[in-house]
Amino acid sequence: MNSTTAIILFIISLVAILSISRKNLWIAIIIGGIILSLASNPISVIRQAITKTIRPTILLLAIALAEVPLIGTILESDLLKLFNTLGTKKATILGPATFGLLPIPGGAVLSCPIVDHSLHEKTDEDKVAANIWFRHMLFLIYPLSSALIVSTTIARIDIIMVILYMLPLFIISIIVGVLYYLRDINGSMHDKDIEFNRKLLLPILLILLAPMIQIVLRVSGIDINVSTFIAVSIILLICVIYYRVRRKELYTQAKRMKIWNFSLILLSIIFYAEIFLLVSEFFIENIPINIIFLSTLIPFILGFLTGRVQLTTTLVIPIVLSKVEFMSFGLFIMIYTTALCGYLMSPAHPCLVLSSEYFKAKIADAIGRLLVPCILFALIGSIYGWMLHIYFC
């Protein structure tokens with residue numbers, strides 16, 4: 001097949017994904033992959049992609065991603081009580097950040113009361129922006145973040161090493177958020193009706209224990225996907241036993257949250273990425289895109305347009321991989337941080353929409369309050385990533 005036809009099919013697949021994803025993301029990605037497979041021998045390409053997608057380690061990772069929301073819904077109540085006992089700045093940072101780690105449907109709304117209480121003197125748009133900013137910064141370093149797991153899986157790089165390299169960026173992101181949103185905040189939001197109880201620390205300990213188990217297993221030589229599955233499963237089991245969650249209740253929560261979608265999204269993304277790598281030789285050489293432009297501005301724009309980090313990295317990382325010998329940590333950081341920044345201020349971002357609705361704020365004004373920190377952090381992440389790529393890895 002000539003390169004022109006292949007490029008046309010690639011564009012059609014992108015349009016299909018962006019259009020259908022508004023209804024169902026994993027179906028959209030699968031359809032996009034099937035369309036893209038027409039650039040070569042579709043039956044052979046799809047068969048090879050399915051074989052790579054249903055590897056045992058990938059299936060275990062998919063199961064782990066479905067378990068995480070269940071952990072979140074079990075811990076939700078105690079987490080809310082804990083944050084009502086903290087000081088203003090701590091609660092504003094830790095509340096959104098912790099709930100951001102738990103992919104609960106409508107989870108952004110859970111931290112809104114905490115932010116509303118602590119930032120009562122701020123505008124509604126500032127409250128929305130602060131909730132969004134601090135909710136998503138741990139995505140940079142939390143090894144059980146689905147966005148980070150999926151992105152590193154596609155890029156075929158070690159998630160633990162990525163986290164180590166992104167630690168400086170995480171610290172910078174917190175500093176940027178504190179200086180921009182919390183520098184003039186004082187006082188305490190301690191709720192006198194809620195006494196601090198050490199038992200309230202259990203949810204935080206469990207959230208921290210999961211990546212610790214994951215890292216120990218990985219260092220011991222166990223595959224990272226298997227390590228993730230074991231870590232998440234252990235924490236879920238502890239939660240079920242300690243909080244005495246009945247099987248029927250667990251099933252009801254799983255059904256309500258449609259946890260299978262988390263697994264299917266991962267599998268569909270890997271399916272698409274494998275197809276892309278198999279057919280990219282037919283057209284990618286004829287697309288004159290600078291690697292810096294491809295790793296920074298394109299992810300930022302796609303993150304803004306789609307309101308999804310995983311979808312953005314799914315589209316961008318395979319293209320970058322086809323243009324380089326291997327994905328360096330620096331290039332990955334450039335793609336991931338710029339995609340994250342575009343996503344934070346996207347009008348298609350569910351967290352932004354829900355937070356704006358809660359605070360009765362105008363979305364455009366809330367985006368305006370996110371604009372400066374997002375562009376600043378995207379520039380910092382791009383420069384840091386490029387320096388890593390050039391001088392180190």
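1. Some remarks on the overall build of the protein
Piece 1. Of regular secondary structure, the protein possesses 20 helices and zero strands.
Piece 2. In terms of overall dimensions, the protein is globule-like: its C-alpha atoms have a radius of gyration of 21 Å, near the 21 Å expected for 393 residues.
Piece 3. Summarising its shape, the C-alpha atoms of the protein cover approximately 70 × 45 × 40 Å along the three principal directions.
Piece 4. Expressed as a percentage of the 393 residues in the protein, the buried residues total 54%.
Piece 5. For the protein, long-range pairs separated by at least 24 residues make up 80% of all intrachain contacts whose partners lie at least 6 apart in sequence.
Piece 6. Working note: accessible area of the protein is about 17400 Å², and carbon and sulfur atoms make up 66% of it.

2. What to know about the side chain of E67
Piece 1. Within the element layout of this structure, E67 appears in helix α4 (residues 56-83).
Piece 2. Despite its burial, E67 pairs with no opposite charge, the nearest such side chain being R247 at 14 Å.

3. What to know about helix α11 (residues 202-219)
Piece 1. With 18 residues, α11 ought to run about 26 Å at 1.5 Å a step, and its terminal C-alpha atoms sit 25 Å apart, in line with that.
Piece 2. Within the sequence span of α11, burial applies to L202, P203, L206, I207, A210, P211, I213, Q214 and L217.
Piece 3. Positive backbone phi, approximately 100°, marks G221, located one or two places after α11.

4. A look at the pattern of salt bridges
Piece 1. Inspection of the entire model under this criterion finds seven salt bridges.
Piece 2. For D116, the salt bridge goes to K127, with nearest N and O atoms at 2.7 Å. Of this pair, D116 sits in helix α7 (residues 112-118) while K127 sits in helix α8 (residues 124-136), and the two are eleven residues apart along the sequence.
Piece 3. Judged by relative accessible area, K127 falls into the buried class, the value being 6%.
Piece 4. Between D124 and K127 there is a salt bridge, and its shortest N-O distance comes to 4.0 Å. One end of the pair, D124, and the other, K127, are both in helix α8, three residues apart, so they sit about a helical turn from each other.
Piece 5. Overall, D124 belongs to the partly exposed group, its relative accessible area being 32%.

What counts, and where the lines are drawn
- Residues numbered from 1 in each chain as written.
- Predicted model: local features only at pLDDT ≥ 70, side-chain atom pairs only at ≥ 80, totals over all residues.
- Heavy atoms only, no water.
- Helix = DSSP H or I, 4+ residues; strand = E, 2+ residues; numbered from the N terminus.
- Rg over C-alpha atoms; globule rule 2.2 N^0.38 Å.
- Buried < 20%, exposed > 50% of the residue type's maximum accessible area, 1.4 Å probe, protein only.
- Contact = heavy atoms within 4.5 Å.
- Areas by Shrake-Rupley, 256 points an atom, 1.4 Å probe, with all protein chains shown as cover.
- Lys, Arg positive; Asp, Glu negative; His and termini not counted.
- Salt bridge = Lys/Arg side-chain N within 4 Å of Asp/Glu carboxyl O.
- Expected span 1.5 Å × (residues − 1).

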